[in-house]
Amino acid sequence: MPKKNLKSYRNPLSRIYGFTDIILIVFLVIDFGYKADYHLFYNKSLTLLTITTALIALNFIRLRISRHSPLNNMYKANLLVLITTVVLTISVFLIGDFDSIHKIREISYIIDSGLIVYFLLRLTHLLRKLYTVYHNPLILFIGSFVVIALIGSFLLMLPNATTGGIRYIDALFTATSAVCVTGLIVMDTATEFTSLGQTIILVIIQLGGIGMLTFTSFFAFFFKGGTSFQEGLNIRDVMGTERLNDVLRVAVQVVIFTFALELVGAVLIFYFISDISDIDNKLFFSLFHSISAFCNAGFSTLSDGLGTAGINKAYAFQWVIMFLIIFGGLGYNIVFNALKYIRQLVLNIIAFHKFREPVRVLTLNSKIVLVTTSILLFVGTLVVYLAESNNMLRGQAGFWGKFTTASFISVTTRTAGFNTVDFADLTIPVILFCILLMWIGASPASTGGGIKTSTFALAVLNIAAMARGKENIEIGTRQINNQSVKRAFAIICISLFVIGIAILLLLVFDPQFTLIQIAFEVFSAYSTVGLSLGITSELSDPGRLVLIFVMFFGRIGLLNLLIGMLRRIQHNFHRYPEENILIN
């Protein structure tokens, strides 16, 4: 077909395509968000089936007129999803009694599920178009969190999402807490949100944990067969990798690794809670807590969290949660590098029949993160065990129960937010130590928050280097880049500034709470931990707005926001004469 005629077909067809997407979104929202009787279910199912048929025709036409387009794989994927939906719908329609309300519901669920998958494919395509419009990766990264939080807040306002309605500020707080994988709640997730509401929260957690840009690159790999140079730059900045040619491969590995580990975690959780009768939907419980744990979100479908009777002493289940939290908090780069090191070590043992450490496989960044994480976990467990043995740990079953609970507290304060005990009952020294652990947080390019383990490690190493009279930090045969040290210093200063301002504002807006309660809440919000001394749901509306901004700044990093805003400012490449400043 000539190019001129091809363009004349594409423009009106693109408008029809976009208009159909809008109709699809509207009907999906109505279908999920509002209660319906038999006749309304029947009419909505027919309408959505009609939309599905129209989408099949549109995608088929787009596929025919764009035979050599790189988007052909995407159109084929769309057609596969839509045709499968129609085939399953017809199969259910032909089996049994058509007038059954259960059959109509089954048909509705099949159509809804198929259209949601189709909508996600279309959404990733639209997001990829943003790369051609705006080229600042940090702003795109930050904007994706804002968009997910806003869309999530409106979805949580749907009548079917809650049991008794919800105010918008509470919906925004919940959506922000979910996308920032924090876990602070102003409404009980177990009782005040329906299955739909909990599912919306779970999807927001998953998108916030991995990142929308990572999902986009993942779909680009399968449906476009590659990625553009600009997309590579975007994902490289987001995922913290330096090699541009590995960006797409790493994005695919991240998504596959995440889903695989969450699936394994869900299976193990299901196995260890199978004999607990108080949990109704064990399958959804397992999936929800596996995703929430790996993403370091801290949301739970239990009113008392993991401190619920029967769960608080399910130690095997708690260890599964802990390992998911640790893997999610280490960061994908660290986990992949550690696995590469272990694989090479095993190959060396097999080849040389003795222990032979791989050379230059484990990066300096991985060593710093792994050593710092191990020290913090060990010291945290030891401090909690010794300080709480005669207090909070007295009700646990023997040494193993006390050790598991102490370990869980040490792990969960590193941005996870789950609780097997009431943190308000901890002693003041332990609460202060938990604040320190929350502030340090997880590792870079992970699902966790905080100033990050590497930042804390560089600050400590810099102090040690200055005490020894050295200008640079040296580890083994390597020297730390001064830019990394400056960035670590900036992150520490900015975090303390934001936390200090937030504590001051909360003391003004909610003076009924003590300083330790408010400080714990703010540190928890900034580090996206989600632990609380029990005051979150009692905060005033201004106080909730403060925490919304604190959670957001803590997740994206205020330094990243400043860099994204100031990156395009023209810099002068010259140096001024130096002068010393007196610092005692």
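Residues numbered from 1 in each chain as written. Predicted model: local features only at pLDDT ≥ 70, side-chain atom pairs only at ≥ 80, totals over all residues. Heavy atoms only, no water.

Looking at this model, I keep getting lost on the overall build of the protein chain. Mind explaining?
Each helix and strand in the protein chain was counted, giving 21 helices and 2 strands. A fraction of 71% describes how many contacts in the protein chain between residues 6 or more apart in sequence connect residues 24 or more apart. Within the structure as shown, the protein chain displays about 28800 Å² of accessible surface, and the carbon and sulfur contribution to it stands at 66%. (Helix = DSSP H or I, 4+ residues; strand = E, 2+ residues; numbered from the N terminus. Contact = heavy atoms within 4.5 Å. Areas by Shrake-Rupley, 256 points an atom, 1.4 Å probe, with all protein chains shown as cover.)

When you look at the pattern of salt bridges in this model, what are you seeing that I'm missing?
Side chains that carry opposite charge are capable of pairing whenever their charged atoms lie near each other. Under the criterion given, the structure shown has 4 salt bridges. In this structure, the salt-bridge partner of Asp170 is Arg167, at a minimum N-O distance of 3.4 Å. Exposure remark for Asp170: the relative accessible area of 7% places this residue in the buried category. In this structure Arg167 comes out as partly exposed when scored by relative accessible area, which is 41%. Its salt-bridge partner being Arg167, residue Asp541 comes within 2.9 Å of it at the nearest N-O pair. (Salt bridge = Lys/Arg side-chain N within 4 Å of Asp/Glu carboxyl O. Buried < 20%, exposed > 50% of the residue type's maximum accessible area, 1.4 Å probe, protein only.)

So what exactly am I meant to see when it comes to the environment of Asp510 here?
Along the chain, the position of Asp510 falls in the loop between α18 (482-509) and α19 (515-526). Considering only alpha carbons, one finds Asp510 and Ser540, 30 residues apart in sequence, at a separation of 6.6 Å. Those residues in contact with Asp510 that sit more than four places away from it in its chain are Ile518, Glu538, Leu539, Ser540 and Gly543. Within the structure, the side chain of Asp510 is placed 2.9 Å from the backbone nitrogen of Ser540, a separation counted as a polar contact. (Polar contact = N/O pair within 3.5 Å; in protein donor to acceptor, adjacent residues only side chain to side chain.)

Sorry, what's going on with helix α6 (residues 168-179) here?
Note that an α-helix has 3.6 residues per turn; residues three or four places apart therefore point the same way. Spanning 12 residues, α6 covers 16 Å between terminal C-alpha atoms, matching the ideal 16 Å at 1.5 Å per step. A large share of α6 lies buried, amounting to 11 of its 12 residues. Every buried residue belonging to α6 is among Ile169, Asp170, Ala171, Leu172, Phe173, Thr174, Ala175, Thr176, Ser177, Ala178 and Val179, and all of these are buried. (Expected span 1.5 Å × (residues − 1).)

For this particular structure, what's the right way to read the packing of α19 against helix α20 (residues 541-556)?
Helices that pack against each other are described as a pair by the angle of their axes relative to one another and the distance between those axes. As a packed pair, α19 and α20 sit with axes 7 Å apart at the nearest point and diverge in direction by 40°. With respect to each other, α19 and α20 are oriented oblique. Between α19 and α20, the residues in contact are Glu521, Val522, Ala525 and Tyr526 and Leu547, Val550, Met551, Phe553 and Gly554, respectively. Of the residues contributing to the contact of α19 with α20, the split by class is 7 nonpolar, 1 polar and 1 charged. (Axes fitted to C-alpha atoms, helices over the stretch in contact; angles between N-to-C directions. Parallel < 35°, antiparallel > 145°, perpendicular 65-115°, else oblique. Nonpolar A, V, L, I, M, F, W, Y, C, P; charged D, E, K, R; others polar.)

In this structure, what is going on with empty space enclosed by the protein? I would like to understand it.
Unoccupied space between atoms shows up once a probe the size of one water molecule is rolled over them. Throughout the structure, instances matching the rule amount to 2 cavities of 30 Å³ or more. Of the volumes computed, that of the largest cavity is approximately 80 Å³. Broken down by element, the lining of the largest cavity gets its largest block of residues, 4 residues, from helix α12 (residues 315-330). In terms of residue class, the lining of the largest cavity is built from 6 nonpolar, 3 polar and 1 charged. (1 Å grid on protein atoms, 1.4 Å probe; cavity = no way out; pocket = protein on both sides within 12 Å on 5 of 7 lines; lining within 4 Å. Points joined across faces, edges and corners; volume = space filled by probe spheres on them.)

Which parts of the structure should I look at to understand the packing of aromatic side chains?
Enumeration over the complete set of coordinates arrives at 16 aromatic pairs. A centroid spacing of 5.2 Å and a plane angle of 70° characterise the contact between Tyr271 and Phe272, whose relative ring orientation is edge-to-face. Since its relative accessible area comes to 31%, Phe272 is described here as partly exposed. Where Phe285 meets Phe317, the ring centres are 6.1 Å apart and the plane angle is 35°; that geometry is what we call tilted. Linking Phe285 in helix α11 (residues 282-294) with Phe317 in helix α12, this pair joins segments that are 32 residues apart in sequence. Pair check on accessibility: Phe285 and Phe317 agree, each one buried. Members of the aromatic cluster, connected to one another through ring pairs, are Trp319, Phe323, Tyr385, Phe399, Trp400 and Phe403. (Phe/Tyr/Trp six-rings, centres within 6.5 Å; stacked < 30°, edge-to-face > 60°.)

Is there a simple way to think about the nonpolar core in this case?
For soluble globular proteins, nonpolar side chains are generally found buried alongside one another. Counting 79 residues, the largest nonpolar core has Ile205, Phe423, Leu426, Phe520, Val522 and Leu547 as the members making the most contacts within it. The greatest single-element share of this core, amounting to 9 residues, is contributed by helix α16 (residues 428-440). When near neighbours in sequence (up to four residues on either side) are disregarded, Phe423 contacts Ile409, Thr412, Thr413, Ile431, Cys434, Phe520, Leu531, Ser532 and Leu533. Counting 33 residues, the second largest nonpolar core, distinct from the first, contains Ile311, Ile321, Tyr332 and Leu377. (Core = buried A, V, L, I, M, F, W, Y, C linked by side-chain atoms within 4.5 Å.)

What should I look at first to understand the packing of helix α14 (residues 364-388) against helix α17 (residues 453-467) in this one?
For the pair α14 and α17, interaxial distance at closest approach is 9 Å and the crossing angle is 90°. Overall, the two elements α14 and α17 adopt an arrangement that is roughly perpendicular. The segment α14 lies against α17, with Ile368, Val369, Thr372, Thr373 and Leu376 engaging Thr453, Ser454, Phe456 and Ala457. Classifying every residue of the contact of α14 with α17 by side-chain character gives 5 nonpolar, 4 polar and no charged.

How should the side chain of Thr528 be read in this particular structure?
Tracing the backbone shows Thr528 in the loop between α19 and α20. Of note is the side chain of Thr528, whose polar atom sits 3.3 Å from the backbone nitrogen of Gly449. Discounting chain neighbours no more than four positions away, the residues touching Thr528 are Cys180, Val181, Thr182, Asn296, Thr415, Gly448, Gly449, Met551, Gly554 and Arg555.

How should I be thinking about the confidence of the model for the protein chain in this particular structure?
For any part of a model where pLDDT is low, the fine detail of the predicted coordinates should not be relied upon. Chain-level pLDDT for the protein chain is 80 on average; 78% of the residues reach the 70-or-more range. Mean pLDDT across the elements of the protein chain ranges from a minimum in helix α9 (residues 229-239), with 55, to a maximum in α19, with 94. The low-confidence segment residues 1-9, where pLDDT is below 50, has 4 contacts with residues more than four positions distant or belonging to other chains. (pLDDT = per-residue confidence, 0-100.)

Please clarify how the environment of Phe408 should be interpreted in this entry.
Topologically, Phe408 is positioned in helix α15 (residues 398-412). Accessibility expressed as a relative area gives 1% for Phe408, which makes it buried. In this structure, the C-alpha to C-alpha distance between Phe408 and Trp319, residues 89 residues apart in sequence, is 7.8 Å. Apart from residues lying up to four places away in sequence, Phe408 is in contact with Leu306, Gln318, Ile321, Met322, Phe418, Asn419 and Thr420.

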